[in-house]
Amino acid sequence: MSRTNFDTLLEAGCHFGHLKRKWNPSMAPYIFMERNGIHIIDLHKTVAKVDEAADALKQIAKSGKKVLFVATKKQAKQVVAEKAASVNMPYVIERWPGGMLTNFPTIRKAVKKMATIDKLTNDGTYSNLSKREVLQISRQRAKLEKNLGSIADLTRLPSALFVIDVLKENIAVREANRLGIPVFAIVDTNSDPSNVDFVIPANDDATKSVEVILDACCGAIAEGLEERKAEKVDMEAAGENAFYFCRQLQIGALPQSIKSIGKRAFAYCPGLTEVRLPSGIAVVPQEAFRATNAKTIVLPEGVERIESGAFESCKATAITLPGTVKYIGKQALYSVLLRDVRFNCLSPVMEEQVLYNSNRLVVQCYLGTTPYQYAKANQIKVELKQDLPEV
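Thoughts on unusual backbone geometry
In this structure, asparagine 36 takes a positive phi of about 55° despite not being glycine. Relative to the elements of secondary structure, asparagine 36 occurs in the loop between strand E2 (31-35) and strand E3 (38-41). In this structure, asparagine 88 takes a positive phi of about 60° despite not being glycine. In this structure, asparagine 88 sits in the loop between helix H3 (74-86) and strand E5 (91-92). Given a relative accessible area of 54%, asparagine 88 falls into the exposed group.

Re the sheet that holds strand E13 (residues 305-306)
If you walk across this open sheet you meet the four strands as E11-E13-E15-E17, and the pairing is parallel. Whereas interior strands pair on both sides, the edge strands pair on one side only; in this sheet they are strand E11 (283-284) and strand E17 (349-350). Strand direction decides the pairing type here: strand E15 (residues 327-328) and E17, joined by two bridges, are parallel. For tyrosine 327, the partnering residue across the bridge sits in E17 and is valine 349.

Some details on the environment of isoleucine 151
Here isoleucine 151 is to be found in the loop between helix H5 (131-148) and strand E6 (160-164). Those residues in contact with isoleucine 151, other than ones at most four positions away along the chain, are Leu68, Pro90, Tyr91, Val92, Met100, Ile107 and Arg108.

Considering the side chain of arginine 108
Mapped onto the secondary structure, arginine 108 falls in helix H4 (residues 104-122). The buried charged residue arginine 108 lacks any salt bridge partner; its closest oppositely charged side chain belongs to aspartate 153, at an N-O distance of 7.1 Å. Polar contacts involving the side chain of arginine 108 include one to the main-chain carbonyl oxygen of alanine 152, which spans 3.3 Å. Only 3.2 Å separates the side chain of arginine 108 from the backbone oxygen of leucine 154, close enough to count as a polar contact. Ignoring anything within four residues of it in the chain, the contact list for arginine 108 reads Ile151, Ala152, Leu154 and Thr155.

Focus on the sheet that holds strand E7 (residues 183-187)
Strand order across the open sheet formed by five strands is E5-E4-E6-E7-E8, with parallel pairing between neighbours. Edge positions in the open sheet fall to E5 and strand E8 (198-201), since each of these has one partner strand only. As paired elements, strand E4 (residues 67-70) and E5 share two bridges and run parallel to each other. Paired with valine 70 across the strands is valine 92, a residue of E5. Taken strand by strand, helix H2 (residues 43-62) contacts E4, E6, E7 and E8, and its axis lies near 140° from that of E8.

Considering the nonpolar core
Ranked by internal contacts, the top residues of the largest apolar core, which has 38 residues, are Val67, Phe69, Val80, Phe162, Ile164, Phe184 and Ile213. Every element with two or more residues in this core is listed here: helix H1 (6-12), H2, E4, H3, E6, E7 and helix H7 (207-231). Ignoring sequence-local partners within four residues, the contact set of valine 67 consists of Leu57, Ile60, Met89, Pro90, Ala160 and Phe162. If you look at the next biggest cluster of nonpolar residues, it comprises 29 residues, including Leu277, Phe289, Leu299 and Phe311.

Cut-offs used in this document
- Residues numbered from 1 in each chain as written.
- Predicted model: local features only at pLDDT ≥ 70, side-chain atom pairs only at ≥ 80, totals over all residues.
- Heavy atoms only, no water.
- Helix = DSSP H or I, 4+ residues; strand = E, 2+ residues; numbered from the N terminus.
- Buried < 20%, exposed > 50% of the residue type's maximum accessible area, 1.4 Å probe, protein only.
- Pairing = 2+ DSSP bridges.
- Contact = heavy atoms within 4.5 Å.
- Lys, Arg positive; Asp, Glu negative; His and termini not counted.
- Salt bridge = Lys/Arg side-chain N within 4 Å of Asp/Glu carboxyl O.
- Polar contact = N/O pair within 3.5 Å; in protein donor to acceptor, adjacent residues only side chain to side chain.
- Axes fitted to C-alpha atoms, helices over the stretch in contact; angles between N-to-C directions.
- Core = buried A, V, L, I, M, F, W, Y, C linked by side-chain atoms within 4.5 Å.

Written as structure tokens, this is what we have:
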């Protein structure tokens, strides 16, 4: 479903372009007609372009990156400030500081100076200064706040630029192009869209027009932020009994932000078919995959410890242990029903009964790895690989 529609854009006056004599020929594909010497923008194309830009902005916000809004013209200042602040994004509505992107470290120094003034004011350092000196510092602080206050939280280069009127903000667009930062822009008929990655053809001189388009785009950003919150599970969320006996769970895929899982995290999951653990996991805790039905479990590189009973009674078809595993606990693969265990690790420390009561297994391991010494089970075939993994 579209984030906006033809009637809404028409009512807001998004279709009004500039005088015919001021047009830029590059905007011809987005012009519907000319009436009374004024170009009329094709709003059907505007609707499609708004949806395209909104989807891209949503993905940027979902990935946790920042979008810098730029609008220094009077008609759009207040609207942009409100909309950008509502989604916690930085914005520039006063004069664009030259080199803000290409000379970003210098801009950050000015922002840090503003923070330093605040700190020294609060701790009473300036109380011993004369009134004249305090007044000068206050004026300097006010000037910095006016120009850079809205980007105080921007600690690194933004991942995208959203510009109102690329003709007026041409310096910002050129800086973004030079650094390879994608540019989203509301482009009127008098502007050149060639330097813009996501063109939104619309009237950039009317406050209502800008507001309608920003509503759709900021709404998409808000959705992306909400989805990020939903997916950003903290360590405790994937902790003990996180998905214990979850019948509906089919694919156990955790986001890369997860750094640990708790006991019985995926235990007794009858519908589980596949498990994908993030690369940051270092320990597979006790009974993490007890009696799970996942067909394939591939542990990522980086796992160093497999605690006792981690795969007890597991019904998976195959389990692959990465080369980074240094310790395998007692009965880690106790009574497993799978057919294939691959030890890609070289000589890990293993407790007794690692493969206890596990039948019909084919254990593949490198020379120097001796899991079969602790198997104590029948019908286990051990294949020794001659080539060692690269270390």
